[in-house]
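# Residue-level structure breakdown
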Amino acid sequence: MLAELRIGHPLLVASERWADRNLGVRPAARWTEVPSERIAAASEHAGDGIVAVGGGSAIDLGKAISAAADVPLVSVPTTYAGAEWTPYFGIRDPERKMKGGGSGAHLRGVVYEPELTLSLPREETVGTSLNALAHCAESLYAEGRNAIADEHALDGARLIGEWLPRVVAAPREPEARTKLLEGAMEAGAALGGSMLALGHAMAQALGGRYGLPHGAMNALTLPAALRFNAEVVPDAVRRFGDALGTDDPAARVEELARLGGFERLRDFGVPEQDLAEVAAATVERAGAKANPRQPSAAEVEQLLHNIY
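This write-up is about the structure you can find in this document. (Residues numbered from 1 in each chain as written. Predicted model: local features only at pLDDT ≥ 70, side-chain atom pairs only at ≥ 80, totals over all residues. Heavy atoms only, no water.)

## Here we look at the nonpolar core
Counting 67 residues, the largest nonpolar core has Leu133, Leu226, Phe240, Leu265 and Leu304 as the members making the most contacts within it. Not counting chain neighbours up to four residues away, the residues in contact with Phe240 comprise Leu133, Cys136, Ala137, Leu140, Leu154, Ala157, Leu226, Pro249 and Val253. Leu11, Trp31, Ala46 and Leu73 belong to the second-largest nonpolar core, a separate cluster that totals 18 residues. (Core = buried A, V, L, I, M, F, W, Y, C linked by side-chain atoms within 4.5 Å. Buried < 20%, exposed > 50% of the residue type's maximum accessible area, 1.4 Å probe, protein only. Contact = heavy atoms within 4.5 Å.)

## Remarks on the sheet that holds strand β1 (residues 11-14)
Strand order in the open sheet made by the five strands is β2-β1-β3-β4-β7, with parallel pairing throughout. The strands lining the two open edges of the sheet, one partner per strand, are β2 (29-31) and β7 (106-110). Neighbour to neighbour, the strand axes of the sheet diverge by 25° on average, direction disregarded. Pairing geometry for β1 and β2, over three bridges, is parallel. Counted as the bridge partner of Val13 is Trp31 from β2. Lying over the sheet, helix α2 (residues 56-69) contacts β1, β2, β3 (50-54), β4 (72-77) and β7, oriented at roughly 165° with respect to β3. (Pairing = 2+ DSSP bridges. Helix = DSSP H or I, 4+ residues; strand = E, 2+ residues; numbered from the N terminus. Axes fitted to C-alpha atoms, helices over the stretch in contact; angles between N-to-C directions.)

## Looking at the packing of aromatic side chains
A complete count under the given rule lists one aromatic pair for this structure. Taking 6.2 Å as the distance between ring centres and 35° as the angle between the ring planes, the aromatic pair formed by Phe262 and Phe268 counts as tilted. One residue, Arg166, lies across the ring of Trp163, its end atom 4.3 Å from the ring centre. (Phe/Tyr/Trp six-rings, centres within 6.5 Å; stacked < 30°, edge-to-face > 60°. Lys NZ or Arg CZ within 6 Å of the ring centre and 35° of its normal.)

## Details of the pattern of salt bridges
The full count for this structure, using the stated rule, is 17 salt bridges. Here Arg239 ties to Asp150 by a salt bridge, and the two come within 3.3 Å at their closest N and O atoms. Of the two residues, Arg239 is situated in helix α8 (residues 234-244) and Asp150 in helix α4 (residues 147-169); the sequence distance between them amounts to 89 residues. Of the residues examined, Arg239 reaches a relative accessible area of 23% and is grouped as partly exposed. Among the salt bridges present, the one from Glu254 reaches Arg227, with a minimum N-O distance of 2.9 Å. One end of the pair, Glu254, is in helix α9 (residues 249-258); the other, Arg227, is in helix α7 (residues 214-229), with 27 residues separating them in the sequence. Residue classification places Glu254 among the partly exposed residues on the basis of a relative accessible area of 28%. Each member of the salt-bridge network shares a partner with another, and the members are Arg145, Asp150 and Arg239. (Salt bridge = Lys/Arg side-chain N within 4 Å of Asp/Glu carboxyl O.)

In structure tokens form, the structure reads like this:
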């Protein structure tokens, strides 16, 4: 793929976890500080392209460098987060707290290699899979929804719902990991063709403020968002449930979240007295504004209390 894109001397963005792996890339330079807010410093080593290997943090950093250096990006995702499908990125400090973000990454290719996911720990497996599942759900009713994205969303939900429990039961089973990665790919395509909604807005507000894992936050916020939206988009929520094989999709998502140990917001050290401020930040996010049922800050605060 690099040869096809005429990328001969890329910057390899990958955490130390992948330092000893033969990734088949001969980089001009390597950047292992992930996540990083030092975009300008990293951009000095960009060469003629970027290869980002890892989860959402590594790929977001690769996107930020791609935009800053005006060079193409090839992503090699090792989780199920779906960051490789959009040009948008967040910038986080070493404590993983959000420090900004932007757009403009030059997405040119994605390489999916299930073998790179075999050692992914359970918490990250379930968390990033639930992030992907949230992409599927919200693509069905967000403001930018469309028939093509809907098909990707439903296919992704079916695959994730079926194969995530199997991966948790047998984490090094190649077929199960491959099917789960296919589900995440479909979820990413749905995300790329539609928009995000309230569940993601809450997850982003929480993760950005406290440096919490985005997947875990989506695992907690998606059921609350589904219940909130079911009143105005019952058909979309029903279709999502059908893909999961249930007539109670919010409860099914909670079951899947428990596979990763995700149950209550209080378990992540979020102060209950901060929920009003988190809610106020949530309603200003694009996902909340693209939600089919416009939430007030008071309504979001109640949803956060419900999962606290």
